[in-house]
Amino acid sequence: MIQSVKKLIYTFSNGKTVLILFVLSTIVYFLMMAFTIPNLAGFANGMKILDMLPEGYDKQYVDNLYTALGENGRHAYLFYQIPLDLIFPLLYGLGYCLLFAFFLRKINQLTSPFFYFCFFPLIAAISDFIENIGIITMLKQYPNYSDETVAITSTFSFLKSSTTTIYFVALIIVLIALGAQYVKSKRSETILG
């Protein structure tokens, strides 16, 4: 299974595919950040929605948030924010996985152990989907959702943010290596030229 996924990543980690997925994920992210999330913050008197709490949350916070949102806010969360947030993880997970592989290819490290960081956006995307399922469940069951549903959903919110953070640290390292390689090649050209 892992070998099949690796082969797909090797095949699709080209500039055109990466650019298309990056642009699409950025558009969806922009829509959420510019419209649906501020709209929900307005309903919730400035409280952060669950998607925006990387450290997780407890049942009291969810109760307070869903109460503050009111019926209209909970409706907006379920029918405006969540649909976008079901598209975004797919685009983000695939796009950033392939982006990492694309840069690894540029520094001739595609077959190195660093390749496994390509899986972190996929883990984050799966965590985001599970987080969204939990949020949907709690919105539909409000106010009668269980402590367990909150705990599981919060765990996947934390896992999403943790794997995303680790991924971006690894990506910065790869970009530094790419920059160093570029500078080294330019110096060689200057010396030889």
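About the cut-offs
- Residues numbered from 1 in each chain as written.
- Predicted model: local features only at pLDDT ≥ 70, side-chain atom pairs only at ≥ 80, totals over all residues.
- Heavy atoms only, no water.
- Helix = DSSP H or I, 4+ residues; strand = E, 2+ residues; numbered from the N terminus.
- Axes fitted to C-alpha atoms, helices over the stretch in contact; angles between N-to-C directions.
- Parallel < 35°, antiparallel > 145°, perpendicular 65-115°, else oblique.
- Left-handed = near helix turned anticlockwise from the far one by under 90°.
- Nonpolar A, V, L, I, M, F, W, Y, C, P; charged D, E, K, R; others polar.
- Phe/Tyr/Trp six-rings, centres within 6.5 Å; stacked < 30°, edge-to-face > 60°.
- Buried < 20%, exposed > 50% of the residue type's maximum accessible area, 1.4 Å probe, protein only.

1. What about the environment of isoleucine 130?
And then number 1: Among the secondary structure elements, isoleucine 130 is positioned in helix α4 (residues 119–141).
And then number 2: Taking the C-alpha atoms as reference points, isoleucine 130 and threonine 153, 23 residues apart in sequence, are found 7.1 Å from one another.

2. Quick word on the packing of helix α3 (residues 59–106) against α4
And then number 1: The contact between α3 and α4 brings their axes to 9 Å, and the two run at 155°. The orientation of α3 relative to α4 falls into the category roughly antiparallel. At the point where α3 passes α4, the crossing takes the left-handed sense.
And then number 2: Class assignment of the residues belonging to the contact of α3 with α4 gives a composition of 22 nonpolar, 2 polar and 5 charged.

3. A short note on the packing of aromatic side chains
And then number 1: Tallied over the full model, the rule gives 22 aromatic pairs.
And then number 2: Ring plane angle 85° and centroid distance 6.4 Å describe the contact between tyrosine 66 and tyrosine 77, whose orientation is recorded as edge-to-face. Both residues of the pair, tyrosine 66 and tyrosine 77, belong to the buried class.
And then number 3: Between tyrosine 96 and phenylalanine 168, the ring centres sit 5.6 Å apart and the planes meet at 65°, which makes this aromatic pair edge-to-face.

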